[in-house]
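Chain and residue survey
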Amino acid sequence: MTNIQQNIATVRERIQLSCHKADRNSDDVTLLAVSKTVSAENIKLAVAAGQRDFGENYIAEGVEKIITLAAETAQHNLQWHCIGPVQSNKTRLVAQHFDWVHTVDRLKIAERLNEQRPADAKRLQVCIQVNIDNSPSKSGVAPDEVLALAQEIAKLPRLQLRGIMAIPDIPISTQGNFAMNNIAIEAVYTPARVLFEHLNALNYDIDTLSIGMSADLEPAIQSGSTMVRVGSAIFGSRA
Ligand SMILES: *Cc1c(COP(=O)(O)O)cnc(C)c1O
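Below is a short write-up of the structure. (Residues numbered from 1 in each chain as written. Predicted model: local features only at pLDDT ≥ 70, side-chain atom pairs only at ≥ 80, totals over all residues. Heavy atoms only, no water.)

**Quick notes on the overall build of the chain**
As a reminder, the rule being used: Think of it this way: any DSSP run of H or I at least four residues long counts as a helix, any run of E at least two long counts as a strand, and we number them from the N terminus. Computation of the radius of gyration draws on C-alpha atoms, with the globule rule given as 2.2 Å multiplied by the number of residues to the power 0.38. Pairs of residues are marked as contacts when any of their non-hydrogen atoms sit within 4.5 Å. Each accessible area is a Shrake-Rupley result for a 1.4 Å probe, and residues are judged covered by the shown protein chains and nothing else. When charges are tallied, Lys and Arg are placed among the positive residues and Asp and Glu among the negative ones, while His and the ends of the chain are skipped. Charge placement uses NZ in Lys and CZ in Arg. For Asp and Glu, CG and CD serve respectively.
Along the chain, the regular secondary structure elements total 10 helices and eight strands. Against the 2.2 N^0.38 benchmark of 18 Å for 239 residues, the chain shows a C-alpha radius of gyration of 17 Å, consistent with a compact globule. Expressed along its principal axes, the backbone C-alpha trace of the chain runs to roughly 45 × 40 × 30 Å. Sequence-distant contacts, at least 24 apart, represent 63% of the contacts inside the chain between residues at least 6 apart. Counting only carbon and sulfur atoms, one obtains 49% of the accessible surface of the chain, whose full area is about 11000 Å². Taking the average location of the 23 positive side-chain charges in the chain and that of its 26 negative ones, the two points are 4 Å from each other.

**Describing the pairing of strand β3 (residues 79-82)**
Defined as follows: Under the scheme applied here, a residue whose accessible area is under 20% of the maximum for its type counts as buried, over 50% as exposed, and between as partly exposed, the area being computed with a 1.4 Å probe on protein chains only. Paired strands are those between which DSSP finds at least two bridges.
Residues of β3 alternate between two faces, with Gln79 and His81 on one and Trp80 and Cys82 on the opposite face, all of them buried. In this structure, strand β2 (residues 53-56) lies alongside β3, joined through four bridges in parallel fashion. Bridged to Gly55 within β3 is His81. The pairing of β3 with strand β4 (residues 100-104) spans two bridges and is parallel. Looking across to β4, one finds that His81 is bridged to Trp100.

**What to know about unusual backbone geometry**
The phi dihedral of Asn77 is positive, around 50°, even though this residue is not glycine. As for its position among the elements, Asn77 is in the loop between α4 (70-76) and β3. At Asn203, a residue that is not glycine, the phi angle is positive and equals roughly 70°. Along the polypeptide, Asn203 turns up in the loop between α8 (178-201) and β7 (208-210). You can call Asn203 exposed: its relative accessible area is 68%.

**Quick word on the pattern of salt bridges**
For clarity, the threshold we go by: By definition, a salt bridge exists where a carboxyl oxygen of Asp or Glu is found within 4 Å of a side-chain nitrogen of Lys or Arg.
Applying the stated criterion to the full structure yields nine salt bridges. The residue Glu218 makes a salt bridge to Arg14 at a minimum N-O spacing of 2.8 Å. Here the residue Glu218 occupies a position in helix α9 (residues 217-222), and Arg14 occupies one in helix α1 (residues 3-21), the gap between them amounting to 204 residues. By relative accessible area, which is 4% here, Glu218 ends up buried. When salt bridges with common partners are traced through the structure, they connect Glu41, Lys44 and Glu72 into a single cluster.

**A short note on the site of the ligand**
For clarity, the threshold we go by: Here, proximity means that at least one heavy atom of the residue falls within 4 Å of the molecule or strand. Under the rule applied, a polar contact is a pair of N or O atoms within 3.5 Å (in protein, one hydrogen donor and one hydrogen acceptor; residues adjacent in sequence only if both atoms are side-chain atoms). Gly counts as polar in this scheme, as do all residues outside two lists: the nonpolar Ala, Val, Leu, Ile, Met, Phe, Trp, Tyr, Cys and Pro, and the charged Asp, Glu, Lys and Arg.
Around the ligand sit 13 residues in total, of which Lys36, Asn57, Ser214, Gly231 and Ser232 are the nearest. Between the ligand and the protein, one listed contact pairs an oxygen atom with a backbone N or O atom of Ser232 at 2.8 Å. Taking 390 Å² as the accessible area of the ligand by itself, protein coverage stands at 87%. Grouping the constituent residues of the shell around the ligand by class yields six nonpolar, four polar and three charged.

The following block contains the structure:
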């Protein structure tokens, strides 16, 4: 096994253990491998280990790899997730090449993605990025604006609203230390889950709570994450 394949096995074990502790089914948590700065060759190693969902932050870089890996994508039904900021001038590339976008935080971007999504493609799967800790430095809609944006996105026929995504302002590195989890949960994850459940209670029929990264996937899963976005624990540190 290569390191990447070994790392994927280790991350899957962490997910399983966390699900077990939280009394959840590990099939309900999708592992999204964050492949920013990672070569197409290394992505193929992850595919060989059974990995199917990949997240890219930088749109031009991501599109280049999506095109390079078109044969693998078709063969294994790989799913490409845009998890980086989307400016207006990049919406067309996202709409044409990605399957998911986690970072929709304003209506104008959603409308452009809807207009530009090719007619023969599946609907673009969308998460609203929430600025859960009201950080001034970070993108994402304020929690009290999520509902209004969800209402508008639900009207756009080429988009499918799947859920919400959040990035904690201060990444809480619990490193699998369950004693640290409660702090992380209180700060970030419970508010995210409350919003997610609120939208579901309003019949938005969403299934995705995109929270948790390499260092904090345990508390995220304990709080109801359905998709963890893991980069360095799979592909090594980005230096
Ligand atoms: C880079 C990145 C990740 C992965 O972070 P790691 O700490 O390497 O697991 C997850 N989500 C987003 C939005 C990122 O930019």
